[in-house]
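If you want the building blocks of each chain, they are given just below.
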Amino acid sequence: MIPERLDHLYDVIVVGAGPAGLTAAIYLARARYRVLVIEKEHFGGQITITTEVVNYPGIASTSGTELTATMRQQAESFGAEFLLAEVEDVIDDHPVKTVKTSRGERYAFGILLATGAHPRRIGFQGEQEFQGHGVAYCATCDGEFFTGKEVFVVGGGYAAAEESVFLTKYASHVTILMRKDKFTCAAAVAEAALSHEKITVLPHMQLDEVSGDTTLHYLRAHNIETGEVLEHRSKDGDTFGVFVFAGYEPEVVVDFVEQDEQGYIITDQNQQTNIPGIYAAGDVCVKPLRQVVTAVGDGALAANALERYAAAIQSETGIYPKKPEPQKVSKTQEQESDLFSTEMLAQLQTVFSRMEQPLHLIAGLDERPVSSELHQYMKALCALTDNLTLEIQNTTDEDAPYVKICKSDGNWTGLAFHGVPGGHEFTSFVLGLYNAAGPGQELDPQLDLETLHETLHMKILVSLSCTMCPELVTAAQRLAAELPNVTADVYDLNHFPQLRERYSVMSVPCLVLNDTHTTFGKKNIRQLLEWLQAHQN
Ligand SMILES: Cc1cc2nc3c(=O)[nH]c(=O)nc-3n(C[C@H](O)[C@H](O)[C@H](O)COP(=O)(O)OP(=O)(O)OC[C@H]3O[C@@H](n4cnc5c(N)ncnc54)[C@H](O)[C@@H]3O)c2cc1C
């Protein structure tokens with residue numbers, strides 16, 4: 001099957017923009033193949049939640065975000081294309097494979113599955129109920145909520161050891177509950193936890209139960225060797241946290257490739273699965289070491305094999321997918337703004353050039369320093385394009401500072417950001433502009449938006465360091481841009497501690513609907529739609 005829309009045809013589609021996918025994109029784009037990287041959540045993958053990477057050869061110390069941002073820039077500079085969408089299925093229809101995404105279909109000769117893995121839930125009583133109210137899976141995202149509080153860490157591997165040390169920055173004390181008798185990670189990483197004065201390590205322990213009201217007040221675990229029970233009760237109405245680092249489960253988007261009993265994808269030495277033209281790389285594969293260095297190695301090997309595969313299909317079909325010219329950012333624009341990196345400017349220019357109608361931004365500012373930061377940020381943004389105008393309003397509202405995205409006639413589109421939309425929220429803010437200006441991100445025609453008939457005010461509480469937040473923010477804003485009865489106000493919780501108290505928030509992202517219902521954790525547009533349908537009156 002040859003698709004009608006050749007502009008949506010690629011030599012290779014890479015699913016997942018972690019180190020494995022980004023490396024493959026660098027190699028493929030540099031070899032002059034048309035490559036699209038589809039990422040559902042955050043470009044950079046899991047490693048972006050790590051503040052310090054010290055074991056990547058050749059770079060003494062870097063952050064996960066910095067390392068993968070450079071990888072993405074490298075890939076982009078060679079002409080790789082990127083799409084923020086969730087891949088839902090792949091249909092293997094020789095010579096062209098169809099990739100079904102939350103933003104429509106894309107087509108390719110070859111596919112690379114580089115979807116990594118996600119934290120494993122372990123199933124103790126209260127785990128699901130208290131997720132977001134004390135049970136967490138990401139220290140970088142949620143550690144700060146436990147400042148001055150007791151924290152329990154469940155697990156005995158690399159992440160448990162490393163993240164426990166990180167959590168001591170905030171927690172009054174960290175107790176590690178591990179099933180084995182010792183850590184299973186490298187001795188140096190284990191030693192840092194074992195020798196830390198704020199960390200207690202309890203071997204042979206299994207967590208059985210947590211409970212509380214809106215936050216945690218009780219924990220019970222037992223020693224699997226002796227049967228001895230450990231109970232922890234918080235004092236004076238205080239609470240505590242439980243961070244689970246109990247390994248990962250592979251993110252597999254296609255079930256027809258061969259997998260081992262845990263779901264990891266089986267490949268040959270060139271990273272090919274049992275299906276010709278479908279390759280896999282990185283943490284999603286069966287392998288003995290899941291690290292950046294092995295993920296990038298897999299990505300390079302897969303790209304090398306995919307080049308040959310795509311070339312063979314090109315000569316079989318006579319179709320050569322055409323690479324678009326990479327977007328160039330002029331030097332003048334770069335000099336005009338020192339707030340935005342070259343990569344951000346390129347992203348902005350793409351959006352500005354596609355906006356169907358101009359937008360008017362209303363910034364509500366108070367006396368706080370964060371207000372002047374927002375003012376500078378919005379001024380710099382609006383200076384980049386004629387499609388955006390800025391109006392400043394001084395206010396004492398408790399939800400200031402904010403920027404409301406309005407139509408050119410001043411009517412609110414239903415989208416607003418409270419705080420400064422930087423960090424991991426930059427991309428979702430830019431997508432918000434695009435969705436508000438139209439035509440906006442493609443919507444799956446199977447989503448029945450008509451079912452949202454009530455007035456729905458969403459508050460999305462985020463932290464700028466949270467990698468799981470942008471997916472929910474983007475989904476909420478997409479719905480708000482489409483439906484006049486739906487609004488999406490995004491708050492950087494760091495500047496709105498009163499909301500943390502009001503809704504008992506111990507994890508981000510947190511979604512509050514009509515000040516009544518709350519839910520935690522990432523959601524794509526379909527999951528959000530279903531949740532809203534279930535919770536509207
Ligand atoms: C807390 C922590 C600390 C770590 N520290 C280190 C370290 O110091 N050094 C080191 O070398 N390694 C470290 N690692 C391991 C390292 O992060 C991983 O080995 C590496 O990120 C794997 O890369 P990957 O590209 O295979 O997958 P990932 O990084 O997991 O990327 C996969 C990407 O695919 C996307 N995706 C998944 N499903 C879909 C879909 N259906 N549609 C679209 N996109 C999808 C995901 O959103 C994700 O962005 C750490 C891991 C963690 C969790």
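For the structure, check the block above.
These lines cover the structure that appears in this document, whether it is placed above or below. (Residues numbered from 1 in each chain as written. Predicted model: local features only at pLDDT ≥ 70, side-chain atom pairs only at ≥ 80, totals over all residues. Heavy atoms only, no water.)

1. Overview of helix H9 (residues 369-382)
Then step 1. When the terminal C-alpha atoms of H9 are compared, their 20 Å separation across 14 residues agrees well with the 20 Å that a helix rising 1.5 Å per residue should span.
Then step 2. Every buried residue belonging to H9 is among Val370, Ser371, Leu374, Tyr377, Met378, Ala380, Leu381 and Cys382, and all of these are buried.
Then step 3. Taken together, the buried residues of H9 touch helix H8 (342-354), strand E18 (359-365), strand E19 (388-394), strand E20 (402-407) and helix H10 (426-437). (Helix = DSSP H or I, 4+ residues; strand = E, 2+ residues; numbered from the N terminus. Expected span 1.5 Å × (residues − 1). Buried < 20%, exposed > 50% of the residue type's maximum accessible area, 1.4 Å probe, protein only. Contact = heavy atoms within 4.5 Å.)

2. Concerning the sheet that holds strand E23 (residues 486-492)
Then step 1. Strand order in the open sheet made by the 8 strands is E19-E18-E20-E21-E23-E22-E24-E25, with mixed pairing throughout. Every other strand in the sheet has two partners, leaving E19 and strand E25 (517-520) as the edge strands with one partner each. Adjacent strand axes in the sheet meet at a mean angle of 20° when their direction is disregarded.
Then step 2. Across 7 bridges, strand E22 (residues 456-462) lies against E23 in parallel orientation. Within the sheet, the bridge partner assigned to methionine 458 lies in E23 and is alanine 488. (Pairing = 2+ DSSP bridges. Axes fitted to C-alpha atoms, helices over the stretch in contact; angles between N-to-C directions.)

3. A few points about helix H13 (residues 525-535)
Then step 1. If you check which residues of H13 are buried, you get Ile525, Leu528, Leu529, Trp531 and Leu532. Buried residues along H13 cover an arc of 165° about the axis, so they all sit on one side.
Then step 2. Among the structural elements, E22, helix H11 (469-482), strand E24 (510-513) and E25 are those in contact with the buried residues of H13.
Then step 3. The opening residue of H13 is asparagine 524, an N-cap whose side-chain oxygen sits 3.2 Å from the backbone nitrogen of arginine 526. (Arc of directions from axis to C-beta. Polar contact = N/O pair within 3.5 Å; in protein donor to acceptor, adjacent residues only side chain to side chain.)

4. Observations concerning the site of the ligand
Then step 1. As a matter of local geometry, the ligand sits amid 35 residues, with Glu39, Gln46, Tyr248, Asp283 and Val292 nearest to it.
Then step 2. Backbone polar atom of arginine 290 to an oxygen atom of the ligand: 3.4 Å apart, as the coordinates give it.
Then step 3. The protein chains hide 95% of the 1,000 Å² of surface that the ligand would expose on its own.
Then step 4. Listing elements by their share of the shell around the ligand, those giving two or more residues are helix H1 (19-30), strand E2 (35-39), helix H4 (158-167) and helix H6 (292-317).
Then step 5. The element that contributes the greatest number of residues to the shell around the ligand is H4, accounting for 3 residues.
Then step 6. Its residues assigned to classes, the shell around the ligand comprises 15 nonpolar, 11 polar and 9 charged. (Near = heavy atom within 4 Å. Areas by Shrake-Rupley, 256 points an atom, 1.4 Å probe, with all protein chains shown as cover. Nonpolar A, V, L, I, M, F, W, Y, C, P; charged D, E, K, R; others polar.)

5. Side note on unusual backbone geometry
In terms of backbone geometry, most residues other than glycine have negative phi values and most peptide bonds are trans.
Then step 1. Cis geometry is found at the peptide bond from alanine 400 to proline 401, where omega equals 0°.
Then step 2. Of note, proline 401 is situated in the loop between E19 and E20.
Then step 3. Here serine 504, not a glycine, exhibits a phi torsion of approximately 50°, which is positive.
Then step 4. As for its position among the elements, serine 504 is in the loop between helix H12 (497-502) and E24.
Then step 5. Using a relative accessible area of 19% as the deciding quantity, one classes serine 504 as buried.
Then step 6. Of note, the phi angle at asparagine 514 is positive, near 45°, even though the residue is not glycine.
Then step 7. Looking at the secondary structure, you find asparagine 514 in the loop between E24 and E25.
Then step 8. Taking the relative accessible area as the measure of exposure, asparagine 514 reaches 29% and is therefore partly exposed.

6. Section: the pairing of strand E4 (residues 87-93)
Then step 1. For E4 and strand E5 (residues 96-101), the ladder comprises 6 bridges, and the chain directions are antiparallel. Counted as the bridge partner of isoleucine 91 is threonine 98 from E5.
Then step 2. As consecutive antiparallel partners, E4 and E5 are separated by 2 residues.

7. Some words on the sheet that holds strand E15 (residues 240-244)
Then step 1. The 5 strands lie next to each other as E8-E15-E9-E10-E11, forming an open sheet whose pairing is parallel. Of all the strands in the sheet, the pair left with one neighbour each is strand E8 (135-136) and strand E11 (199-202).
Then step 2. Bridge analysis of strand E9 (residues 150-154) against strand E10 (residues 173-177) gives 5 bridges, and the strand direction is parallel. The residue of E10 that forms the bridge with valine 154 is leucine 177.

8. Brief notes about the nonpolar core
Side chains that are nonpolar tend, in soluble globular proteins, to be buried together.
Then step 1. Formed by 95 residues in total, the largest nonpolar core has its most connected members in Phe340, Leu381, Met458 and Ile460.
Then step 2. Membership of the second largest hydrophobic core comes to 43 residues, among which are Leu28, Tyr33, Leu84 and Leu306. (Core = buried A, V, L, I, M, F, W, Y, C linked by side-chain atoms within 4.5 Å.)

9. A closer look at the packing of aromatic side chains
Then step 1. A complete count under the given rule lists 8 aromatic pairs for this structure.
Then step 2. A centroid spacing of 5.2 Å and a plane angle of 85° characterise the contact between tyrosine 491 and phenylalanine 496, whose relative ring orientation is edge-to-face. Each member of the pair tyrosine 491 and phenylalanine 496 is classed as buried.
Then step 3. Of the aromatic side chains, those joined through ring pairs into one cluster are Phe146, Phe243 and Phe245.
Then step 4. For lysine 404, the ring lying beneath its charged end belongs to tyrosine 402, and the centroid distance is 5.7 Å.
Then step 5. One Lys or Arg, lysine 404, reaches over the ring of tryptophan 412 and ends 4.5 Å from the middle of that ring. (Phe/Tyr/Trp six-rings, centres within 6.5 Å; stacked < 30°, edge-to-face > 60°. Lys NZ or Arg CZ within 6 Å of the ring centre and 35° of its normal.)

10. Some details on the pattern of salt bridges
Then step 1. What the rule picks out here adds up to 19 salt bridges.
Then step 2. Among the ionic pairs, glutamate 105 bridges to lysine 100, the shortest N-O distance being 3.0 Å.
Then step 3. Between glutamate 144 and arginine 500 there is a salt bridge whose closest N-O contact spans 4.0 Å. Residue glutamate 144 is located in the loop between helix H3 (139-142) and E9, and its partner arginine 500 is located in helix H12; the two are separated by 356 residues in the primary sequence. (Salt bridge = Lys/Arg side-chain N within 4 Å of Asp/Glu carboxyl O.)

11. Let's talk about the state of the cysteines
Then step 1. Inspection of the entire model under this criterion finds 1 disulfide.
Then step 2. Residue pairing for cysteine 466: its cysteine sulfur links by disulfide to cysteine 469, the two sulfurs lying 2.4 Å apart. Across the S-S bond of cysteine 466 and cysteine 469 the torsion is about 100°, and the bridge reads as right-handed.
Then step 3. Given a relative accessible area of 0%, cysteine 466 falls into the buried group.
Then step 4. The thiol of cysteine 382 is unpaired, and the distance to the nearest cysteine sulfur, on cysteine 406, comes to 12 Å.
Then step 5. On the basis of relative accessibility, which here comes to 11%, the residue cysteine 382 falls in the buried class.
Then step 6. The exposure class of cysteine 406 is buried, given its relative accessible area of 2%. (Disulfide = S-S within 2.5 Å.)

Read these as geometric descriptors, not functional statements.
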